[in-house]
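Observations on the model geometry
Below, each chain spelled out in residue letters.
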Amino acid sequence: MKLKVLGCHGGELLSCRTTCFLLDEVLALDAGALTGTLTLEQLCKVDDILVGHSHFDHTKDLPLLADLVIGRREHPVTIHASRECARALRHSMFNNELWPDFTRIPTRKAPVLRIKTFRAGSTFQIGPYTVQSVPVSHPVESCGFIISRGKTAVAMSGDTGPTDRLWKALNATKNLKALLVETSFPNALQQLADLSGHLTPQTLQAELAKFNRNGAEVLLYHLKPAFVGQLKRELAGLPVEILELGDSFEF
């Protein structure tokens, strides 16, 4: 599997883009940085988008994507979302008020977008990928994912505070090559991190103690732009890599 980092921050500034990763050019993990990083030709190749939860920084490019690829694809782009996330997208985004309902445009039978729901905690297929969803700790329904293809698996924590279910699932996964895990706020803002369902360097360290990594890389994302420098200092010495825009990996 080839993984490209399109966005890896918990907010957006000139040099920061919100969460979005691209697998094998066809499967996007979250949609925080699709339209600002890919060409129109590349966007048209994205067949599926796997969304961890409904918050804006993970879904904000879905409306603009629909507007760009209409008339350029034979089949809809499929958005895979948990039941609560799908409900939020339908009622709050594609509601003909905030944005046109591209799940019915140009026709109900042949729309630009299709929202396909899954039950949080279920395992399902997206083309050649087997996806295990794992509920994690966040104010809205949020899922981490373990994505397998052949003998290779990569995982993504989603937005989460301390949790146990994710680590149990990861420890049971064979051939896990990499884990993308969020870390959002510096230690001084632990109370805010706990309230908003995010990790700090000190809670990340405690969480990693639950992980039998067996050689898997731990790749950090979702750093809040205002605290990137401070977070990098606090994370120094931990056996992790902080992702940067444009990073690419092959597993």
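Values in this document were obtained by computation on a predicted structure and should not be read as measured data.

1. Examining the overall build of the chain
Each helix and strand in the chain was counted, giving eight helices and 14 strands. Since a compact globule built from 251 residues should have a radius of gyration of about 18 Å, the 17 Å found for the chain is in line with a globular shape. When the backbone C-alpha atoms are referred to their principal axes, the chain occupies close to 55 × 40 × 30 Å. Scored against the burial criterion, the 251 residues of the chain give a buried share of 55%. Here the analysis covers contacts within the chain between residues at least 6 apart in sequence; of these, 57% occur between residues at least 24 apart. Here the chain holds 27 positive side-chain charges and 26 negative ones, and the gap between their average locations is 6 Å.

2. What to know about the UniProt feature "domain: Metallo-beta-lactamase" (unreviewed entry) in the chain
According to UniProt, the positions carrying the feature "domain: Metallo-beta-lactamase" (unreviewed entry) are residues 7-198. From the first C-alpha to the last, residues 7-198 spans 18 Å; its make-up is 22% helix and 28% strand.

3. Some words on the nonpolar core
Residues Leu34, Ile49, Leu62, Leu89 and Leu113 are the most contacted members of the largest nonpolar core, which totals 29 residues. Looking at this core, the elements that each hand over two or more residues are strand S2 (20-23), helix H1 (40-45), helix H3 (62-69), strand S5 (77-82), helix H4 (83-93) and strand S6 (113-118). The contact partners of Leu34, leaving out residues within four places of it in the chain, are Leu6, Cys20, Ala28, Leu43, Ile49, Asp61 and Leu65.

4. Structural notes on the sheet that holds strand S13 (residues 241-242)
Paired through their backbone hydrogen bonds, the strands of a sheet run either parallel or antiparallel. Sheet architecture is open: seven strands sit in the order S7-S8-S9-S10-S11-S12-S13, paired in mixed fashion. Both edges of this open sheet fall to strand S7 (123-126) and S13, since each of them pairs with a single strand only. Bridging between strand S12 (residues 217-221) and S13 involves two bridges; their strand directions are parallel. Of the residues in S13, the one forming a bridge with Leu220 is Ile242.

5. Here we look at the environment of Pro128
Examined against the element boundaries, Pro128 turns out to sit in the loop between S7 and strand S8 (129-135). Linking Pro128 and Gly150, residues 22 residues apart in sequence, is a C-alpha distance of 8.3 Å. Other than its neighbours up to four places away in sequence, Pro128 contacts Ser148 and Arg149.

6. Notes on the layout of surface pockets
Empty space within the largest pocket amounts to approximately 190 Å³. Secondary structure elements with two or more residues in the lining of the largest pocket: strand S1 (2-7) and H1. With three residues, S1 is the largest single contributor of residues to the lining of the largest pocket. Grouping the constituent residues of the lining of the largest pocket by class yields three nonpolar, two polar and five charged.

Procedures and definitions
- Residues numbered from 1 in each chain as written.
- Predicted model: local features only at pLDDT ≥ 70, side-chain atom pairs only at ≥ 80, totals over all residues.
- Heavy atoms only, no water.
- Helix = DSSP H or I, 4+ residues; strand = E, 2+ residues; numbered from the N terminus.
- Rg over C-alpha atoms; globule rule 2.2 N^0.38 Å.
- Buried < 20%, exposed > 50% of the residue type's maximum accessible area, 1.4 Å probe, protein only.
- Contact = heavy atoms within 4.5 Å.
- Lys, Arg positive; Asp, Glu negative; His and termini not counted.
- Charge placed at Lys NZ, Arg CZ, Asp CG, Glu CD.
- UniProt positions renumbered as here; feature names shortened; annotations may be inferred.
- Core = buried A, V, L, I, M, F, W, Y, C linked by side-chain atoms within 4.5 Å.
- Pairing = 2+ DSSP bridges.
- 1 Å grid on protein atoms, 1.4 Å probe; cavity = no way out; pocket = protein on both sides within 12 Å on 5 of 7 lines; lining within 4 Å.
- Points joined across faces, edges and corners; volume = space filled by probe spheres on them.
- Nonpolar A, V, L, I, M, F, W, Y, C, P; charged D, E, K, R; others polar.

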